[in-house]
Amino acid sequence: MLKFWKEHKIAGILVTIVRFVVGFAWLDAGWHKITGATPFDATGFLNAAVNNPVLDKATGEAVYPTYTAFVEHFALPNVGFINVAIPWGEFLVGLGLILGTLTLTAAFFGALMNFMFMFAGTVSTNPWLLLLGLMVIFAGTNAGRFGLDRYVLPLMHKGLDRLFHRKPKNPTTDAGLLVK
């Protein structure tokens, strides 16, 4: 079944549809934060995550104490960075998914944001976006089959090969280079 998602053309089409849906949700969320009438400020959200963490109903203990510590000791002291990273991160994840550019990277960072928002206790659309984003990740490079990854990834590999002085795997077809 995983082979189907990673290699089959029909799966590539299905994942492209999923990419568009998830990408639009991210792009829209980021765009509203970037262009909103008031500047985006995560301070209230972060303070609420620290002051009202997700608690275990049976024990009353924090379910994600390391996340709460991260918010308290890193995110809040660097809220200026967070206020830029969240809206632009959402926007760029959406753009990457819609265009199919660095698709797996975009899906990974989208899933990471979904997890962070859920650790803070915000459910909203995050579980759905996470589930659909994981479908994109499981599809691997097939997720960008009908997108700009078809052109961007080979160029990146070629550039990295040159940067690290690696020889092409197939000298007759890789960029027309011949290995002596």
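Along each chain, residues carry numbers from 1 onward, in the same order as the chain's sequence is written. Confidence filtering applies because this is a predicted model: local features only for residues at pLDDT of at least 70, side-chain atom pairs given and counted only at 80 or more, and all residues used for totals across whole chains, interfaces and linings. Values shown for side chains rest on all heavy atoms present in the structure; no hydrogens or waters enter the calculation.

**Q** Mind showing me how you'd approach the packing of helix α2 (residues 9–35) against helix α5 (residues 79–99) here?
**A** Axes are the key here: two packed helices are described by the angle between their axes and the distance separating the axes. Two elements in contact, α2 and α5, have axes whose closest approach is 7 Å; the angle formed by their N-to-C orientations is 150°. Between α2 and α5, the angle is such that the two are roughly antiparallel. The way α2 lies across α5 gives a crossing that is left-handed. Each of Arg-19, Phe-20, Val-22, Gly-23, Phe-24, Trp-26, Leu-27, Ala-29, Gly-30, Trp-31, Lys-33 and Ile-34 in α2 lies in contact with α5, whose residues at this interface are Ile-86, Pro-87, Trp-88, Glu-90, Phe-91, Val-93, Gly-94, Leu-95, Leu-97, Ile-98 and Leu-99. In terms of residue class, the contact of α2 with α5 is built from 17 nonpolar, 3 polar and 3 charged. As a rule, the C-alpha atoms of each element are fitted with a line to give its axis, helices using only the stretch in contact, and angles between N-to-C directions run from 0 to 180 degrees. Only runs of H or I of at least four residues qualify as helices and only runs of E of at least two qualify as strands under DSSP, and these elements are numbered from the N terminus. Between 65 and 115 degrees an angle is taken as roughly perpendicular, under 35 as roughly parallel, over 145 as roughly antiparallel, and anywhere else as oblique. Less than a right angle of anticlockwise turn of the near helix away from the far helix marks a crossing as left-handed, whereas a clockwise turn marks it as right-handed. Contacts between residues were defined by any pair of non-hydrogen atoms, one from each residue, lying within 4.5 Å. Residues are grouped as follows: Ala, Val, Leu, Ile, Met, Phe, Trp, Tyr, Cys and Pro are nonpolar; Asp, Glu, Lys and Arg are charged; every other residue, Gly included, is polar.

**Q** Can you help me understand the layout of surface pockets in this one?
**A** One simple way to see leftover space: roll a probe sized like a water molecule over the atoms. Whether a set of points on the 1 Å grid over the protein atoms alone is a cavity depends on a 1.4 Å probe fitting there but being unable to get out, while an open set qualifies as a pocket with protein on both sides within 12 Å along at least five of seven lines; lining residues are those with an atom within 4 Å of a point. Grid points are joined across faces, edges and corners, and a volume is the space filled by probe spheres set on the points. Roughly 720 Å³ of internal volume is contained in the largest pocket. Ile-86, Glu-90, Met-113, Met-116 and Phe-117 are, among the 32 residues lining the largest pocket, the residues nearest its centre. Broken down by secondary-structure element, the contributors of at least two residues to the lining of the largest pocket are α2, α3 (43–51), α4 (65–75), α5, α6 (103–119) and α7 (126–139). In terms of residue count, the dominant contributor to the lining of the largest pocket is α5 (9 residues). Along the lines of polarity and charge, the residues of the lining of the largest pocket split into 25 nonpolar, 5 polar and 2 charged.

**Q** Would you mind showing me how to read the nonpolar core here?
**A** Generally speaking, nonpolar side chains in soluble globular proteins are found buried as a group. To form a nonpolar core, buried Ala, Val, Leu, Ile, Met, Phe, Trp, Tyr and Cys residues must be joined to one another through side-chain atoms within 4.5 Å. For every residue, the accessible area (1.4 Å probe, protein chains only) is compared with the maximum for its type, and the residue is labelled buried under 20%, exposed over 50%, or partly exposed between those bounds. Ranked by internal contacts, the top residues of the largest apolar core, which has 25 residues, are Val-22, Trp-26, Leu-46, Val-71, Ile-82, Leu-97 and Val-136. Mapped onto this core, the elements with two or more residues apiece are α2, α3, α4, α5, α6 and α7. Top contributing element to this core by residue count: α5, with 5 residues. When near neighbours in sequence (up to four residues on either side) are disregarded, Trp-26 contacts Glu-90, Phe-91, Val-93, Gly-94, Leu-97, Gly-110, Met-113, Asn-114, Phe-117 and Leu-129.

**Q** Would you mind showing me how to read a nonpolar patch on the surface here?
**A** Exposure above 30% relative accessible area and the lack of any salt bridge qualify a residue for a patch; like charges then connect within 9 Å, and the nonpolar side chains Val, Leu, Ile, Met, Phe, Trp and Tyr within 5 Å. Per-residue and other accessible areas follow the Shrake-Rupley method at a 1.4 Å probe size, with only the shown protein chains counted as cover for residues. Basic side-chain nitrogens of Lys or Arg form a salt bridge, by our definition, when they fall within 4 Å of a carboxyl oxygen of Asp or Glu. Taken together, Val-84, Trp-88, Leu-92, Leu-95, Leu-99, Leu-148 and Tyr-151 make up a surface patch of nonpolar side chains, about 660 Å² in accessible area. Take the nonpolar patch: its biggest share by element is 5 residues, from α5. With respect to the helices, strands and loops of the structure, Tyr-151 is situated in helix α8 (residues 149–163). By relative accessible area, Tyr-151 is classed as exposed at 54%.

**Q** What exactly am I supposed to notice about the pattern of salt bridges here?
**A** Two side chains with opposite charge may pair up if their charged atoms get near one another. A full pass over the atoms with the stated rule returns 1 salt bridge. Between Glu-90 and Lys-33 there is a salt bridge; the shortest N-O distance is 2.9 Å. Here Lys-33 lies in helix α2 and Glu-90 lies in helix α5, a separation of 57 residues in the sequence. On the basis of relative accessible area, Lys-33 is assigned to the partly exposed category, the value being 25%.

**Q** Just to check I follow, could you spell out the confidence of the model for the protein for this structure?
**A** In low-pLDDT segments, the atomic positions of the prediction should not be examined closely. Summarising the model, the protein shows a mean pLDDT of 92, and 93% of its residues fall at 70 or more. Averaged pLDDT values over the elements of the protein bottom out at 90 in helix α1 (residues 2–7) and peak at 98 in α5. For every residue, the predictor reports its confidence as pLDDT, a number between 0 and 100.

**Q** Which parts of the structure should I look at to understand the environment of Phe-108?
**A** With respect to the helices, strands and loops of the structure, Phe-108 is situated in helix α6. Since its relative accessible area comes to 44%, Phe-108 is described here as partly exposed. Distance in space between the C-alpha atoms of Phe-108 and Gly-147 is 17 Å, their sequence separation being 39 residues.

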